[in-house]
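Structural features, examined
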Amino acid sequence: MATRDSLIQVTDLKKHYNMGAIKALDGVTTNIYQGDVVVVIGPSGSGKSTFLRSLNLLEEPTGGSIMFDGIDITKKKYKDASGKTVKLDIDQLRQKMGMVFQHFNLFPHMTILDNMVLAPVKVKGMSRAEAEKKALALLERVGLGDRASAYPIQLSGGQKQRVAIVRALAMEPQVMLFDEPTSALDPEMVGEVLDVMKELAREGMTMVCVTHEMGFAREVGNRVLFMDQGKLLEEGTPEDIFEHPKNPRLQDFLSKVL
Amino acid sequence: MDSFIKFSNFSKILPYAQLFRQGMLVTILLSLFTVAIGFCLALILALMRLSNFRPLRFLGIDKNGHERQGGFLELVSRFNPLNFIATAYVEILRSTPVLVQIFIIYYGVFGLIELPSFQVFGFIKFDRFFPGVVALGMNSGAYLCEIIRSGVQSIDGGQTEAARSLGLSQVQNLRYIILPQALKNILPAIANEFVVIIKESAITYTIGVQDIMSAVNAVKGATFVIIEPLLVATAIYFCLCFPTSKVIAYFERRMSRGDKR
């Protein structure tokens, strides 16, 4: 592991509500390396979504640190290379982390193409023509090149989620975060979305994925994290986790889902 | 027995057609300026109400850097002065008669501030017209604020999350994602408010704005005919309001393109 670059270092991450009466995250420490496909599993309410959403600060942690690009992004200010104190630019940070949601969250008032070019044009300052060319190429890759002028409501769930994935990819992120990307899909559409994710993994994209798809975790993940009650209870290769689980709660969880 | 409406009376008021024409123009201008002022004001008020500006936030943090739960200090730390001002404004303006507001603006505020007295187009008295526009704009701003706020709050939080996760700033999110969708949802309510503004502008004749109603009064005084000028005014108001709601309905259809399969 030492040969690979750590992309995100999470140390003792905490998210408490009501003065610590509710601990959504209770001291999570882990590393996400370049090229990793990290799959986070666990029962519902275990804090896995909160963990994922903390990584791009959709949830603000109440304790601990997240180092990304050499900056602790949980602090509002940081010192840059020359020692000057700079305010954390959260928008800049989020450009480098693509996120895919359970409910797709496509913008319903825009065509698929507009959904895809909005951020590259408005945030990155790319020209409209260039952004469109790139968007069409990405849509082509996920088999939706002919739906560019459609509105989100005209697409099936699986198609919407594929658009959501390439919309995030259009910003050329360093890491992709998936928050239960197949949980809201009809069973026959899960495969098409997982296929896109598998291809992405093969190309070497760093991915963190919260999912209930154990098959995907086993086949594509190179590391699996098991969380329960806000704590990271066990982590290891898919083989470790699924064939030789040590933690009794993991054993119990697996006996229920497998 | 005399009939309710006498056609001969219409010929009596015909010489005063010019008054109605001018009154109509005044009403249209009054409504347009009111809408412009009201909408800008409403947008600012709505943003104030939706803001998360808490200057006393530090009072709600305890020694260990955690947020306090409950207690007086927590209450104080939640105080949002922008929200408070906007809410107070909206509630006061909505809970008092517009006639009172117009009088206060005209006699109170513009009794102190001397307005230049000149006439636009030769018949619009600026020192009457301007206070009328200000009062109506302030009033409709309060109503439109609530409409805009409810529209923004009706948009699913996932939209903001998606936009922010793509790197859009808070302002860009509002401008490209939230407001376009919110505007579509609230268009029927806005259309209603616009029509109300046109009709409500009639009240400004009480401070001497020469709109349609003041034309009715002038004709009544000159000819002692009352029903027929009122019918003319009714027809003019209808011809202004009805197309307005139709035009907005057209935009509503255009904006809902994304809703159809």
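Residues numbered from 1 in each chain as written. Chains lettered and ligands numbered in written order. Predicted model: local features only at pLDDT ≥ 70, side-chain atom pairs only at ≥ 80, totals over all residues. Heavy atoms only, no water.

**Looking at the overall build of chain A**
Counting secondary structure elements, chain A contains nine helices and twelve strands. Against the globule reference of 18 Å for 258 residues, chain A gives a C-alpha radius of gyration of 19 Å, in line with a compact fold. Dimensions of chain A, computed from C-alpha atoms along their principal axes, come out at roughly 50 × 50 × 40 Å. Buried residues in chain A amount to 55% of all 258 residues. Charged side chains in chain A number 32 positive and 34 negative. The centres of these two groups are separated by 6 Å. (Helix = DSSP H or I, 4+ residues; strand = E, 2+ residues; numbered from the N terminus. Rg over C-alpha atoms; globule rule 2.2 N^0.38 Å. Buried < 20%, exposed > 50% of the residue type's maximum accessible area, 1.4 Å probe, protein only. Lys, Arg positive; Asp, Glu negative; His and termini not counted. Charge placed at Lys NZ, Arg CZ, Asp CG, Glu CD.)

**Considerations on helix α6 (residues 187–202) of chain A**
Residues and elements named next belong to chain A. The terminal C-alpha atoms of α6, which comprises 16 residues, lie 24 Å apart, in line with the 22 Å expected from a rise of 1.5 Å per residue. Considered for burial, the residues of α6 that qualify are Met189, Val190, Val193, Leu194, Val196, Met197, Lys198, Leu200 and Ala201. At its buried positions, α6 is contacted by β3 (37–41), α4 (128–141), α5 (157–169), β9 (175–179), β10 (206–210) and α7 (214–220). Gly204, located one to two residues past α6, shows a positive phi value of around 95°. (Expected span 1.5 Å × (residues − 1). Contact = heavy atoms within 4.5 Å.)

**Some words on the nonpolar core**
Judged by nonpolar contacts, the single largest core of 67 residues is most densely connected at Ile8, Phe51 and Leu55 of chain A together with Ile177 of chain B. Counting residues per element, this core draws most heavily on helix α8 (residues 170–200) of chain B, at ten residues. In contact with Ile8 of chain A, not counting residues within four places along its chain, are Thr30, Asn31, Ile32, Leu55, Ile66, Met67, Phe68, Met97 and Val175 of chain A. By size, the runner-up hydrophobic cluster in this structure holds 52 residues, among which are Val37, Leu138, Ala148 and Leu169 of chain A. (Core = buried A, V, L, I, M, F, W, Y, C linked by side-chain atoms within 4.5 Å.)

**Focus: the sheet that holds β9 of chain A**
All names here are of chain A. Spatial strand order, β8-β9-β10-β3-β11-β12: six strands in an open sheet with mixed pairing. Every other strand in the sheet has two partners, leaving β8 (97–100) and β12 (231–236) as the edge strands with one partner each. The mean angle between the axes of side-by-side strands here comes to 20°, regardless of whether they run parallel or antiparallel. Note that β3 and β10 share four bridges and pair parallel. (Pairing = 2+ DSSP bridges. Axes fitted to C-alpha atoms, helices over the stretch in contact; angles between N-to-C directions.)

**What about the environment of Leu82 of chain B?**
Residue and element names in this part refer to chain B. Position of Leu82 relative to the elements: it lies in helix α4 (residues 81–94). On the basis of relative accessibility, which here comes to 30%, the residue Leu82 falls in the partly exposed class. For the pair formed by Leu82 and Phe53, sequence separation is 29 residues and the distance between their alpha carbons is 7.0 Å. Dropping the residues within four chain positions of it, Leu82 is found in contact with Met48, Ser51 and Phe53.

**Looking at the interface of chain A and chain B**
Contacts between the two partners involve 28 residues from chain A and, on the opposite side, 25 residues from chain B. For the pair chain A and chain B, the number of links is two salt bridges. Between Arg53 of chain A and Glu161 of chain B there is a salt bridge; the shortest N-O distance is 2.7 Å. Only α2 (90–95), β8, α3 (112–122) and α5 of chain A provide two or more residues apiece to the side of chain A that touches chain B. (Salt bridge = Lys/Arg side-chain N within 4 Å of Asp/Glu carboxyl O.)

**Comments concerning the pattern of salt bridges**
Here the structure, examined in full by the defined rule, presents 24 salt bridges over all chains. Linking Lys75 of chain A and Asp72 of chain A is a salt bridge whose minimum nitrogen-to-oxygen distance equals 3.2 Å. Between Glu219 of chain A and Lys198 of chain A there is a salt bridge, and its shortest N-O distance comes to 3.6 Å. In this pair, Glu219 of chain A sits in helix α7 while Lys198 of chain A sits in helix α6, placing the two residues 21 residues apart along the sequence. Relative accessible area serves as the criterion here: at 56%, Glu219 of chain A is assigned to the exposed category. Members of the salt-bridge network, linked through shared partners, are Lys15, Arg53 and Glu59 of chain A together with Glu161 of chain B.

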